[in-house]
Amino acid sequence: MKKLSEIKNWNVELEEEITSNWKSSDQFKFNPKTKKKIYSIDTPPPYVNSPIHMGHAVTYCFMDFFARYRRMKGEEVLFPLGLDRNGLPIEMAAEKKFKVSPFKVGREKFIEYCEKLLGEASVESIDSFAKLGISFSSYNQGQNIGDIYHTDSPEYRKITQWTFIDLFKKGLIYEDSRINNWDPKLRTTIADSEIDYIELDSTFNDVEWTIKETGEKVVIGTTRPELIATCGMVIYNPEDKRYKKLEGKTAISPIFNEEIPITAHPTAQIDKGTGLVMMCSAGDVSDIQFFREMNLKPRIAINQDGKMNEKAGALEGLKVKEAREKMIELLKKKNLLVNQEKISHRTPISERSKAEIEFIEMPEFYLKQLEVKKDIKKIAKKINFYPKNSKKILDNWIESVSIDWPISRRRYYATPVPLWYSEDKIALGKNGIYVEPWKTAPENDSEVLDAKTKKVIGLVKDFKDAKWVGETRVLDTWFDSSISELNMLQYHKDDGFFKKAYPASLRPQGKEIVRTWLYYTILRGYLETGKECFNDTWIHQHILDGNGRKMSKSLGNVIDPQLILKEDGAESLRFWAATEGDLSKGDFTCSKEKIKAERKSLNKLLNVSKFVMMFEKPKKKPKLTSLDKLFINYLEDLTSKTDSTYEKYDFNHPAQDLRKFLWDIFASNYVELVKNRAYNEENKFSNEESDSARYALHFLLERLLILLYPIIPQITTLIANEKGIDLLNGEWPKANVGELDLNLVEKLLNFNSQIWKTKKEQGISLRNPLKGIKIPKELSSFEKDLRVCHNI
RNA sequence: GGCCCCAUAGGCUAAUGGUAGACCAUCUCGCUUACACCGAGCAGACCCAAGUUCGAUUCUUGGUGGGGCCACCA
């Protein structure tokens, strides 16, 4: 490491030396045999197929603050990096990059494309983390606790499958044919949490129907005329006097001439449309609920490829939108279309593919979550939320969960459902082995269940004649991600360690994935262990561009952390991240200028250290002067505040206080006041007084380095090295809060400022004497220093 | 429609029942035995209305504006 005296300014080259050293060293390695308290951080695995963005950079800096602080407090910190490589984003990237469709090239080939893409996925992200100085337990991928893990590794996937098998045997996972959210573009079922809503233009069509019994004409409004064939019931509001006469009568659907029963139901709103509603199978979510409630058998007219089927009669073979147009045409021809009105319609779309969601009945696997809703709420109460009010996001979501979690997907690059079928038998994957049923046969000693009773009836080898057909579906990516903390703590791998380390200490994550990642993890953790999975969770907000807008490629306002790292360095970025604001309270507005400006603080620290290092630290603690005592007391007090605030994951307020201490209290005032006494060239002070200044200078610097280390570890380590101090493994200081009146510091600062101002006004150089100044009574014990400093 | 968060100088923010403190930028001045990536200083702000109060930027209610989550929309 470079000598302090050789460094003029803090710069990126200095950082490169330090961080590359850290990356290859094992000083942050996790020791599983430790006797220390274990502190584990379940970090959010970033997607590998794109380099990290500003949001990652900043939030991982925060996690690193937490990790380094905990180490200093004497805890054994488990801080692994995971890389998320499963699921649709990878598949979509492969489709785009190699211009292939999984439905054309076949599964095996397509997986090869995905793997090829993943193989090429750069290590750029890992490199960026290292340059940021993130102290992950390890920067190597491997099987040791704390190593970098891949969510698509056989080791990870086999734990996912193990939990699936257990839940399946317990009857907590079941298969059911239900109407599901269907993404026609990706051709897979998706969960409610993966749906977005956007406003789309649509047309509201008033269509004429006939009442069978009376021949009367009625008008029904709809945005989905192509679904008339699937109409199961026509309803009106019980309070709606206009339609009371229709109760129990039958409506004849236009074009299809089906007989549809009419009834009163509160779902219908009097003032919407004509007040009459045709309830179709699966037009939207409320239709699904309605069919379930009324016990109607849905008629599904849309196929998995998003085209109409034979139930749609003349519309068969058309895509949904084409079918809608054709239907409108048909209605017009027969003069059944009374009116058309353009409206803006909130339409459910797939979060990933942006395709409009259709509702299609398919058999899928479900994980029971409704019956444990109450337990999950209880369990969630045991987790400390930082900030407290972010728990509401979770509570709101739990409240609104209304169906079990559909966990199977009809895609390829994910964890396979570990099942095989043969007539009335189901073979299970073997726990502890990663299986791919779609291409391999079950192990001979795998368990076999009776398909109906789900009871174990033997092993695969007991059924020699059975022809096993492998399951082709895969699991939702959240089914993997939601066991990240179990995986980190060696669930099903090292029971002794797991028992010791569970629940995990902290889950840091963004507010936008509370309803997915946090919720699902709590659910899965509870189902596996009956306990809460985390002690603490830290929920952060977002990083916005300089104008307070979301950063996005299309807006062209993305600030690249790699660029910042190159130009201003990690320490500036980290110091900015800590001082900018409280990320758990509000969004960060990101500005390059501000990050650059923090370099000044680093140089200030560097220069003040150089100054202090000019003096030797007295070997013995001398008798301290009252001025030195006062400033030491001040920092002791700040130590105590910093410690208790760090403890609550708040690094912002301490960072601001420490920066203020560095600039205004230490550098500008204390150093100026004791400069002369420390040099003592004119022998105006006794040796003891001079020693006291030197001792205090070193004490204050050392303490400041300790308190700042979690935030700016590189520069503090470099300075501490020169002083022969090990910040990482040193003792965390016990604050000796003294009895001195700390307000005196403020008064001293004001007094100094007053003198400097007066000299300036009178055009006197700072070194020259000033007459006629009275030192206030309360500052009289500092008189000697004040006189010499200001030459008064 | 329900819920949550937010509103302070040109920008970004802090604290507070007694009218506000930083930072960046601007402007003026300066060269001081660590630091010109420096120092000193000037100027500049509490969204609106009502209520509680001796006193409200702070508490309450309402409004306006911004952000987010959820539900629903035939």
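Here the structure is shown first, and the text comes after it.
Residues numbered from 1 in each chain as written. Chains lettered and ligands numbered in written order. Predicted model: local features only at pLDDT ≥ 70, side-chain atom pairs only at ≥ 80, totals over all residues. Heavy atoms only, no water.

Looking at the overall build of chain A
Summing up its helical and strand segments, chain A has 24 helices and 27 strands in all. Taken along the three principal axes of its C-alpha coordinates, chain A extends 115 × 65 × 45 Å. With 792 residues in all, chain A has 56% of them scored as buried. For chain A, the share of sequence-separated contacts (at least 6 apart) that also reach a separation of at least 24 residues comes to 75%. On chain A, roughly 35,700 Å² of surface is accessible, and the fraction owed to carbon and sulfur atoms is 47%. (Helix = DSSP H or I, 4+ residues; strand = E, 2+ residues; numbered from the N terminus. Buried < 20%, exposed > 50% of the residue type's maximum accessible area, 1.4 Å probe, protein only. Contact = heavy atoms within 4.5 Å. Areas by Shrake-Rupley, 256 points an atom, 1.4 Å probe, with all protein chains shown as cover.)

A closer look at the nonpolar core
Leu605, Phe666 and Leu697 are the most contacted members of the largest nonpolar core, which has 127 residues in total. With sequence-adjacent residues up to four places away left out, Leu605 is seen in contact with Leu662, Leu701, Leu704, Leu705, Leu708, Ile712, Ile715, Thr716 and Ile719. Formed by 58 residues, the second largest nonpolar core is a distinct cluster that contains Ile38, Leu167, Leu367 and Tyr520. (Core = buried A, V, L, I, M, F, W, Y, C linked by side-chain atoms within 4.5 Å.)

What to know about the packing of aromatic side chains
Taken as a whole, this structure holds 39 aromatic pairs when the rule is applied. Ring plane angle 80° and centroid distance 5.8 Å describe the contact between Phe30 and Phe497, whose orientation is recorded as edge-to-face. With Phe30 in the loop between α1 (12-24) and β1 (38-40) and Phe497 in helix α14 (residues 495-501), the pair connects residues that are 467 residues apart, well separated along the chain. In this pair, the class of Phe30 matches that of Phe497, namely buried. An aromatic cluster is defined as three or more aromatic residues linked by ring pairs; in this entry it consists of Phe62, Phe65, Phe66, Tyr69, Tyr386, Trp538, Tyr646, Tyr649, Phe651 and Trp732. Positioned above the aromatic ring of Trp22 is the side chain of Arg68, whose terminal nitrogen or guanidinium carbon lies 4.5 Å from the ring centre. (Phe/Tyr/Trp six-rings, centres within 6.5 Å; stacked < 30°, edge-to-face > 60°. Lys NZ or Arg CZ within 6 Å of the ring centre and 35° of its normal.)

Remarks on helix α15 (residues 514-529)
Most of α15 is tucked away: 14 of the 16 residues are buried. Positive backbone phi, at 75°, marks Gly530, one or two positions downstream of α15.

Quick notes on the sheet that holds strand β18 (residues 419-422)
An order of β21-β20-β19-β18-β22 is seen for the five strands of this open sheet, with the pairing classed as antiparallel. At either end of the open sheet lies a strand with only one pairing partner, and these are β21 (456-459) and β22 (469-470). Across three bridges, strand β19 (residues 425-428) lies against strand β20 (residues 447-450) in antiparallel orientation. Counted as the bridge partner of Ile426 is Leu449 from β20. Against the sheet, helix α7 (residues 154-169) engages β18, β19 and β20, with an angle of about 145° to β19. (Pairing = 2+ DSSP bridges. Axes fitted to C-alpha atoms, helices over the stretch in contact; angles between N-to-C directions.)

Some thoughts on the packing of helix α20 (residues 652-679) against helix α24 (residues 783-790)
The geometry of α20 relative to α24 is characterised by a closest axis approach of 8 Å and an angle of 90° between their N-to-C directions. Considering the angle they form, α20 stands roughly perpendicular to α24. Two secondary-structure elements touch here, α20 through Glu672, Leu673, Asn676 and Arg677 and α24 through Asp785, Leu786, Val788 and Cys789. Looking at the contact of α20 with α24 residue by residue, the classes come out as four nonpolar, one polar and three charged. (Parallel < 35°, antiparallel > 145°, perpendicular 65-115°, else oblique. Nonpolar A, V, L, I, M, F, W, Y, C, P; charged D, E, K, R; others polar.)

Focus on a positive patch on the surface
Together, Lys374, Lys378, Lys381, Lys382 and Lys531 make up a region of like positive charge exposed at the surface. Here Lys381 shows up in helix α10 (residues 373-381). By relative accessible area, which is 65% here, Lys381 ends up exposed. (Patch = residues over 30% accessible without salt bridge, like charges linked within 9 Å, V, L, I, M, F, W, Y side chains within 5 Å. Salt bridge = Lys/Arg side-chain N within 4 Å of Asp/Glu carboxyl O. Lys, Arg positive; Asp, Glu negative; His and termini not counted. Charge placed at Lys NZ, Arg CZ, Asp CG, Glu CD.)

Some words on the sheet that holds strand β24 (residues 504-510)
Spatially, three strands are ordered β15-β25-β24 in an open sheet, and the strand pairing comes out parallel. With one partner strand each, in any of the chains shown, β15 (384-386) and β24 form the two edges of the open sheet. Adjacent strand axes in the sheet meet at a mean angle of 20°, parallel and antiparallel pairs treated alike.

Quick word on the side chain of Arg473
With respect to the helices and strands, Arg473 occurs in the loop between β22 and β23 (474-475). Of the polar contacts made by the side chain of Arg473, one reaches the side chain of Glu175; its length is 2.5 Å. Within the local environment of Arg473, its side chain forms a polar contact with the side chain of Glu471, the two groups lying 2.7 Å apart. Sequence-distant contacts of Arg473, defined by excluding residues within four places in its chain, comprise Glu175, Pro363, Glu364, Phe365, Ser408, Arg409, Arg410, Pro416, Val417 and Tyr421. (Polar contact = N/O pair within 3.5 Å; in protein donor to acceptor, adjacent residues only side chain to side chain.)

Focus on α10
Listed in full, the buried residues belonging to α10 are Ile376, Ile379 and Ala380. Summarising the axial view, the buried residues of α10 lie within an arc of 100°, below the 170-degree limit, and thus occupy one face. In α10, the exposed positions angled more than 90 degrees off the buried face are occupied by Lys374, Lys378 and Lys381. (Arc of directions from axis to C-beta.)

Just geometry here; none of it tells us what the structure is for.
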